[in-house]
Amino acid sequence: QVQLVESGGGLVQAGGSLRLSCAASGRTFSSSAMAWFRQAPGTGRELVAASTWSGGTTYYADSVKGRFTFSRDNAKNTVYLQMNNLKPEDTAVYYCAAKIEYDGSYNGGYDYWGQGTQVTVSS
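By convention here, each chain's residues receive numbers from 1 onward along its written sequence. Side-chain atom pairs in this predicted model are given and counted only at pLDDT of 80 or more, local residue features only at pLDDT of at least 70, and totals for whole chains, interfaces and linings cover all residues. Only hydrogens and water are removed before side-chain values are computed, so all heavy atoms of the structure are retained for them.

1. Description of the overall build of the protein
Each helix is a run of H or I in the DSSP string that is no shorter than four residues. Each strand is a run of E no shorter than two, and both are numbered from the N terminus. Looking only at helices and strands, the protein features zero helices and 11 strands. From first element to last, N terminus to C terminus, the protein shows the α and β order β-β-β-β-β-β-β-β-β-β-β. Atoms considered for the radius of gyration are the C-alpha atoms alone. The globule rule reads 2.2 Å times the number of residues to the power 0.38. The C-alpha radius of gyration of the protein comes to 13 Å, within 12% of the 14 Å expected for a compact globule of 123 residues. Along the longest, intermediate and shortest principal axes, the C-alpha atoms of the protein span 40 × 25 × 25 Å. Expressed as a percentage of its 123 residues, the buried residues of the protein come to 42%. Contacts spanning at least 24 positions in sequence make up 56% of the contacts within the protein whose residues lie at least 6 apart. For the protein, the accessible surface area stands at approximately 6000 Å², while carbon and sulfur atoms represent 47% of it. Exposure categories follow from relative accessible area, calculated using a 1.4 Å probe and restricted to protein chains: below 20% of the type maximum is buried, above 50% is exposed, and the middle band is partly exposed. For this analysis, residues touch if any pair of their heavy atoms sits within 4.5 Å. Only the protein chains shown count as covering a residue, and every accessible area follows the Shrake-Rupley method with a 1.4 Å probe.

2. Let's talk about the pattern of salt bridges
Salt bridges are defined as contacts in which a side-chain nitrogen from Lys or Arg sits within 4 Å of a carboxyl oxygen from Asp or Glu. In total, this model carries five salt bridges according to the counting rule given. For the salt bridge of Glu46 with Arg38, the shortest nitrogen-to-oxygen distance reads 2.8 Å. Several salt bridges converge on common partners, so that one network encompasses Arg38, Glu46, Arg67 and Asp90.

3. Points about the packing of aromatic side chains
Side-chain rings of Phe, Tyr and Trp (the six-membered ring for Trp) are treated as a pair once their centres are within 6.5 Å; stacked means planes under 30 degrees apart, edge-to-face means over 60, and tilted covers the remaining angles. All told, the structure shown has four aromatic pairs when counted by the stated rule. Relative to Tyr110, the ring of Phe37 lies with its centre 5.3 Å away and its plane at 85°, an arrangement referred to as edge-to-face. Of the two residues, Phe37 sits in strand E4 (residues 33–39) while Tyr110 sits in the loop between strand E9 (92–99) and strand E10 (112–113), which places them 73 residues apart along the sequence. Their ring planes at 55° and their centres at 4.9 Å tell us that Phe37 and Trp113 sit as a pair that is tilted. Of the two residues, Phe37 is situated in strand E4 and Trp113 in strand E10; the sequence distance between them amounts to 76 residues. Site record: aromatic cluster; members linked through ring pairs are Phe37, Tyr110 and Trp113. Counting as a charge over the ring demands two things of the Lys NZ or Arg CZ atom: a distance within 6 Å of the ring centre and an angle within 35 degrees of the ring normal. Over the ring of Tyr110 we find Lys99; its NZ or CZ atom is 5.0 Å from the centre of that ring.

4. A closer look at unusual backbone geometry
Residues other than glycine seldom take positive phi values, yet Asn77 does so here, at roughly 50°. Tracing the backbone shows Asn77 in the loop between strand E7 (68–73) and strand E8 (78–83). One non-glycine residue, Asn85, lies in positive phi territory at about 50°. As for its placement among the helices and strands, Asn85 is situated in the loop between E8 and E9. Classification of Asn85 by relative accessible area gives partly exposed; the value is 43%.

Here it is as structure tokens:
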């Protein structure tokens, strides 16, 4: 089992920054992938950023490219999402997710999810 705990959400004005953290505990795998998703009210869950623990190609949604940065600290089993120049449309619940075996796709097949952290960006 893998437990994922997110933190770092909050309320920020447009143009501001937040850093989300996701600490993984329990059984983790070096070949696994980690991702950040978000879900705004009335919408589906959107993949925001993803990468592997081994440091492979990082994926970013077009809507966040140049503003968000995915990073990892393997020693702490923690991944981060640095969010800069936040916009009101970034308002959502952000979820961390883990895939035990990276199969070449970041789009689905995640085995574990965190509880989510709310990010609210005011205009």
